[in-house]
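Geometric and topological summary
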Amino acid sequence: MKALVIVPAYNEEANLPFVLDDLRQFSGDVLVVNDGSKDATEEIARQLGVACVSHPCNLGIGGTVQTGLLYALRNGYHYAIQFDGDGQHRADQIEKIVAQVERGAADLVIGVRTLPEGYKCGIFRKMGSVLFCFLIRFLTGERVADPTAGFRCYGPAAIKLFSLSYPDDYPEVESIVTASRNGLTIVEVPVVMRQRQSGHSSINRRKSAYYMLKVSLAMCVEAMRKKITWKEV
Amino acid sequence: MDITRVVSILLSSSIFILVIWLIREGRLREKYSLLWLCTSIVIIGLSVSRHVLETVAIAVGIYYPPSLLFLLGLLFLLLVNIGYGTSISRLSESNHKLTQEIALLKKALEDTDKKRRETDTKA
């Protein structure tokens, strides 16, 4: 079974060496998807001998992950792991989320964030998370604990489905609805995280209101959409 | 013929002519111009005959007929803008696909290049 770790990276030259070094303990292949970075992200990935795919212009996290999934699909990988380029995810946790897919117990595995000293997050984030959980439950019946987590493993069915349709910005929550509505099995597994190395969350307070509105709307529309005919592809 | 009518006929006909000219020059696709042409024809019609404008306005309960023109204009702009929204969405969708395709092709090209170089050195 071939496994691919997808590292979406936008201006991550500061974190990338650390992340790629961490990933050396992983036995499968690693692919950095550079989303039109303005810094040396691509050069650093190449210097470190890691495969790198570069967007000529910036697409956002959704398109970046999707490029990785397309690469996985076309190069015959059985499953793909989304591993953030900012150093929050730990390579020693990959096994945990892959195990569920390997056993055939899940098509999409989400790593529920926990920290050794407890995962702290702001009140806004918590409120948003509660709202999303409720909406997901209402729209799909799926019970999810951490819908915004980005540490994920995609099985063959998820790779196929998401390479056809994956939201552009803030894809995490919406993709759960897509997955559930198209009959994928979603499983959550607790994983240990690391505190952020450098840089800030892509979502600040001003953006978070827009984020919540946009994602909620997108989820409702997604729930009204026809099922994707991906099985024949 | 009052001056208002002359001005509105002149304005709407020049929009019509401008649209036709832009299509001829290849600067506007026919697809996008249909709505513009239809609207300028409707406005020409309404400005030529005050009677038609008045009858239509009264019929839909508008007692100051020229405001029917504003209403139509606004509705038309709304439609055109929604049309632009869909075009932009379609364009960004194809842009998205092209960006990914270019990235993946570049990688595939590099890989085959590397493989060829390796076999060359072996040979």
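Residues numbered from 1 in each chain as written. Chains lettered and ligands numbered in written order. Predicted model: local features only at pLDDT ≥ 70, side-chain atom pairs only at ≥ 80, totals over all residues.

1. Quick look at the overall build of chain A
Helix and strand counts for chain A stand at eight helices and seven strands. Overall, the C-alpha framework of chain A stretches about 45 × 45 × 35 Å when taken along its three principal axes. Partitioning the contacts of chain A with sequence separation of at least 6, the portion at a separation of at least 24 is 77%. (Helix = DSSP H or I, 4+ residues; strand = E, 2+ residues; numbered from the N terminus. Contact = placed C-beta atoms within 7 Å.)

2. A few points about helix α4 (residues 94–102) of chain A
All names here are of chain A. Listed in full, the buried residues belonging to α4 are Ile94, Ile97, Val98, Gln100 and Val101. Burial along α4 is one-sided: seen end-on, the buried residues are contained in an arc of 150°. At the C-terminal side of α4, Gly104 shows a positive phi close to 80°. (Buried ≥ 20, exposed ≤ 12 C-beta atoms within 10 Å, placed from the backbone. Arc of directions from axis to C-beta.)

3. Focus: the packing of helix α2 (residues 30–48) of chain B against helix α4 (residues 66–122) of chain B
Residue and element names in this part refer to chain B. As a packed pair, α2 and α4 sit with axes 11 Å apart at the nearest point and diverge in direction by 175°. When the axes of α2 and α4 are compared, the pair comes out roughly antiparallel. Residue-level contacts link Leu35, Thr39, Val42, Ile43 and Leu46 of α2 to Leu69, Leu72, Phe76, Leu79, Val80 and Gly83 of α4. (Axes fitted to C-alpha atoms, helices over the stretch in contact; angles between N-to-C directions. Parallel < 35°, antiparallel > 145°, perpendicular 65-115°, else oblique.)

4. Observations concerning the sheet that holds strand β5 (residues 108–114) of chain A
All names here are of chain A. Taken in spatial order, the seven strands line up as β3-β2-β1-β4-β6-β5-β7 in an open sheet, and their pairing is mixed. Of all the strands in the sheet, the pair left with one neighbour each is β3 (51–54) and β7 (186–192). Shown here is a sheet whose adjacent strand axes are inclined to one another by a mean of 25°, direction ignored. Taken together, the three bridges between β5 and strand β6 (residues 152–154) define a ladder with antiparallel strand orientation. For Leu108, the partnering residue across the bridge sits in β6 and is Tyr154. Docked against the sheet, helix α3 (residues 61–74) engages β1 (3–9), β2 (29–34), β3, β4 (79–82) and β6, running at close to 155° with respect to β1. Each of β1, β4, β5, β6 and β7 touches α4; the most contacted strand, β7, lies at about 165° to it. (Pairing = 2+ DSSP bridges.)

5. Quick word on the interface of chain B and chain A
In this assembly, eight residues from chain B lie in contact with 11 residues from chain A. When its residues are assigned to classes, the side of chain B that touches chain A shows three nonpolar, three polar and two charged. (Nonpolar A, V, L, I, M, F, W, Y, C, P; charged D, E, K, R; others polar.)

6. Here we look at the environment of A:Asp22
Residue and element names in this part refer to chain A. Inspection of the secondary structure assignment puts Asp22 in helix α1 (residues 16–22). Taking the C-alpha atoms as reference points, Asp22 and Ala91, separated by 69 residues in sequence, lie 5.9 Å from one another. Apart from residues lying up to four places away in sequence, Asp22 is in contact with Arg90 and Ala91.

7. Focus: the pairing of β5(A)
Note that β5(A) and β7(A) share seven bridges and pair parallel. Note that in β7(A) the partner of A:Val112 across the bridge is A:Pro190.

8. Remarks on the confidence of the model for chain B
Residue and element names in this part refer to chain B. Predicted confidence across chain B gives a mean pLDDT of 86, with 99% of residues reaching 70 or more. Ranking the elements of chain B by mean pLDDT puts α2 last with 79 and α4 first with 90. Per the prediction output, this complex has pTM 0.84; the corresponding ipTM is 0.84. (pLDDT = per-residue confidence, 0-100.)

9. A few points about the packing of helix α5 (residues 123–140) of chain A against helix α7 (residues 171–181) of chain A
All names here are of chain A. α7 packs onto α5 with a crossing angle of 20° between their chain directions and a minimal axis gap of 10 Å. Compared by their axis directions, α5 and α7 come out roughly parallel. In the crossing of α5 with α7, the sense of the turn from one axis to the other is right-handed. Here Phe132, Ile136, Leu139 and Thr140 of α5 come into contact with α7, specifically with Val173, Ile176, Val177, Ser180 and Arg181. Of the residues contributing to the contact of α5 with α7, the split by class is six nonpolar, two polar and one charged. (Left-handed = near helix turned anticlockwise from the far one by under 90°.)

10. A word on unusual backbone geometry
Phi is positive for A:Asn11, which is not a glycine, with a value near 50°. Tracing the backbone shows A:Asn11 in the loop between β1 and α1.

11. Points about the nonpolar core
General note: in soluble globular proteins, nonpolar side chains tend to be found buried as a group. In this structure, A:Ile6, A:Val7, A:Leu31, A:Ala80 and A:Ile81 are the most contacted members of the largest nonpolar core, which totals 62 residues. Contacts of A:Val7, omitting those with residues within four sequence positions, involve A:Val19, A:Val30, A:Leu31, A:Val32, A:Val33, A:Phe83 and A:Gly85. (Core = buried A, V, L, I, M, F, W, Y, C linked by C-beta atoms within 7 Å.)

12. A look at the environment of A:Leu16
Residues and elements named next belong to chain A. Within the secondary structure layout, Leu16 lies in helix α1. Taking the number of C-beta atoms within 10 Å as the measure of exposure, Leu16 has 28 and is therefore buried. Sequence spacing of Leu16 and Leu213 is 197 residues, and the spatial spacing of their C-alpha atoms is 32 Å. Apart from residues no more than four positions distant in its own chain, Leu16 is found in contact with Ala9, Thr41, Ile44, Ala45 and Gly85.

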